[in-house]
Amino acid sequence: MSNQHHLNQTYFYQNPKTNQPSASALSAKQICRILNPASSSSSSTSSSILRPDTLIIEYNQVTNQYDTTKGWVPISSIPLFSYVTSTWYYSCQEDEKKKQNHDTRNSSSGHSNSVTSTVGTEKAGVMGPISCRELASLYYQDPSIISDILES
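Keep in mind it's a predicted model, so treat the numbers as computed, not measured. Counting starts from 1 at the beginning of each chain's written sequence and moves along it residue by residue. Only residues with pLDDT of at least 70 are given local features in this predicted model, and only at 80 or more are side-chain atom pairs given and counted; all residues enter the totals for whole chains, interfaces and linings. Water and hydrogen atoms play no part in the side-chain values, which are based on all heavy atoms of the structure.

S.K.: Provide a residue-level description of the side chain of N36, including the pertinent values.
M.R.: Tracing the chain through its elements places N36 in the loop between α2 (28-35) and α3 (42-47). For every residue, the accessible area obtained with a 1.4 Å probe (protein chains only) is divided by the maximum for its type, and the residue is called buried under 20%, exposed over 50%, and partly exposed between those limits. A relative accessible area of 7% places N36 in the buried class. In this view, N36 contacts V84, S131, C132 and R133; residues no more than four positions away in its chain are not counted. To qualify as a helix, a DSSP run of H or I must reach at least 4 residues; to qualify as a strand, a run of E must reach at least 2; elements of each kind are numbered from the N terminus. By definition, residues are in contact when any of their heavy atoms lie within 4.5 Å.

Set out below in C-alpha cells:
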C-alpha cells in the first residue's frame, strides 16, 4: 500500500463529548494536521476534538463501507497517527564541514533512522523533545534527508 493511499484513507471519529460518530469522514492527512497543528500549545492540544485516545473507524468511500473487521479503535493504535502524536528526539554530531548526523528516535515506538544533513549549527548531542511537525520541518531544510528516511 502506498504512502499516498494512507494519507487519502478516510475515517469517521467518535465525538468524545457526545459519543456520536462524526457527520463526515476525515482524510488521514486532515487527522494528522488536527493532531499536530502548526501552532501547537498545550491548551489547543488538550481541547482538540481529536486526541490519541479518540475512537475512529476506517471508511472506504468507494464501497461506502466501514472496516468492520477492525471496528472502532483509538487513533494511537494506527501506526501513522502514532508517529504523528509521538514525541521525537534526534542527535547531532558536528564535523569540520559542519555536517550533522541526525539519529531520529521515536520515543514511543523506538524506531530510529540515521541520516546526514547540512542543517543549522546545533550543538552535538541529543536534541528534543520535538513534535513530528517540528521534526519534519527540520528535515525539509534538506530534502534529500526525507527521501533517505522514506526509503529505509
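S.K.: Break down the side chain of N15 for me, with residues and values.
M.R.: You can see N15 is positioned in the loop between β1 (10-13) and β2 (26-27). Using a relative accessible area of 17% as the deciding quantity, one classes N15 as buried. Polar contact is the term for a pair of N or O atoms within 3.5 Å; when the atoms are in protein, one must be able to donate a hydrogen and the other to accept it, and sequence-neighboring residues count only if both atoms are side-chain atoms. At 2.7 Å, the side chain of N15 forms a polar contact with the backbone nitrogen of K17. What N15 contacts, discounting residues up to four positions off in sequence, is Q20 and I49.

S.K.: Any details on the nonpolar core? Residues and values, ideally.
M.R.: For our purposes a nonpolar core is just a set of buried Ala, Val, Leu, Ile, Met, Phe, Trp, Tyr and Cys residues, chained together by side-chain atoms within 4.5 Å. The biggest cluster of nonpolar side chains holds 14 residues, and the ones touching the most others in it are Y11, I31, L35, L50, I56, I75 and F81. Going through the elements one at a time, β1, α2 and α4 (79-85) are the ones with two or more residues in this core. It is α2 that provides the largest number of residues to this core, a total of four residues. Once you skip the residues sitting within four places of it in the chain, I31 turns out to touch Y11, L26, L50, I75 and F81. Counting six residues, the second-largest nonpolar core is a separate cluster that includes W88, Y90, I130 and Y139.

S.K.: Outline the packing of aromatic side chains, supporting the account with residue identities and numerical values.
M.R.: Two rings belonging to Phe, Tyr or Trp (six-membered ring only in the last case) form a pair when the distance between their centres is within 6.5 Å. Interplanar angles under 30 degrees mark stacking, angles over 60 mark edge-to-face geometry, and anything in between is tilted. This model, assessed by the stated rule, comprises five aromatic pairs. Arranged with centres 5.5 Å apart and planes meeting at 70°, the rings of Y11 and F81 form a pair that is edge-to-face. On the criterion of sequence distance, the pair formed by Y11 in strand β1 and F81 in helix α4 is long-range, its members being 70 residues apart. The class for Y11 is buried, based on a relative accessible area of 7%. For the ring pair F12 and Y59, a centre distance of 5.1 Å and an interplane angle of 85° mean the geometry is edge-to-face.

S.K.: Can you tell me about the pattern of salt bridges, naming the residues and giving the values?
M.R.: Salt bridge, as used here: a side-chain nitrogen of Lys or Arg that lies within 4 Å of a carboxyl oxygen of Asp or Glu. Under the criterion given, the structure shown has three salt bridges. Here D53 makes a salt bridge to R51, at a shortest N to O gap of 3.5 Å. We note a salt bridge from E58 to K70, for which the minimum N-O separation is 3.5 Å. Taken together, the residues E58 in strand β3 (residues 55-60) and K70 in the loop between β4 (65-66) and β5 (73-74) connect sequence positions 12 residues apart. Exposure remark for E58: the relative accessible area of 24% places this residue in the partly exposed category. K70 gets classed as exposed once you look at its relative accessible area, which sits at 56%. Residues joined by salt bridges that share partners form a network here, namely E58, D67 and K70.

S.K.: Could you give an account of the pairing of β3, naming the residues involved and the relevant values?
M.R.: For two strands to be treated as a pair, DSSP must find at least two bridges joining them. Where β1 and β3 come together, four bridges link them in antiparallel fashion. From the neighbouring strand, F12 faces β3, where its bridge partner is I57. In terms of strand pairing, β3 meets β5 through two bridges, oriented antiparallel. Residue I56 lies in a different strand from β5, and its bridge partner there is V73.

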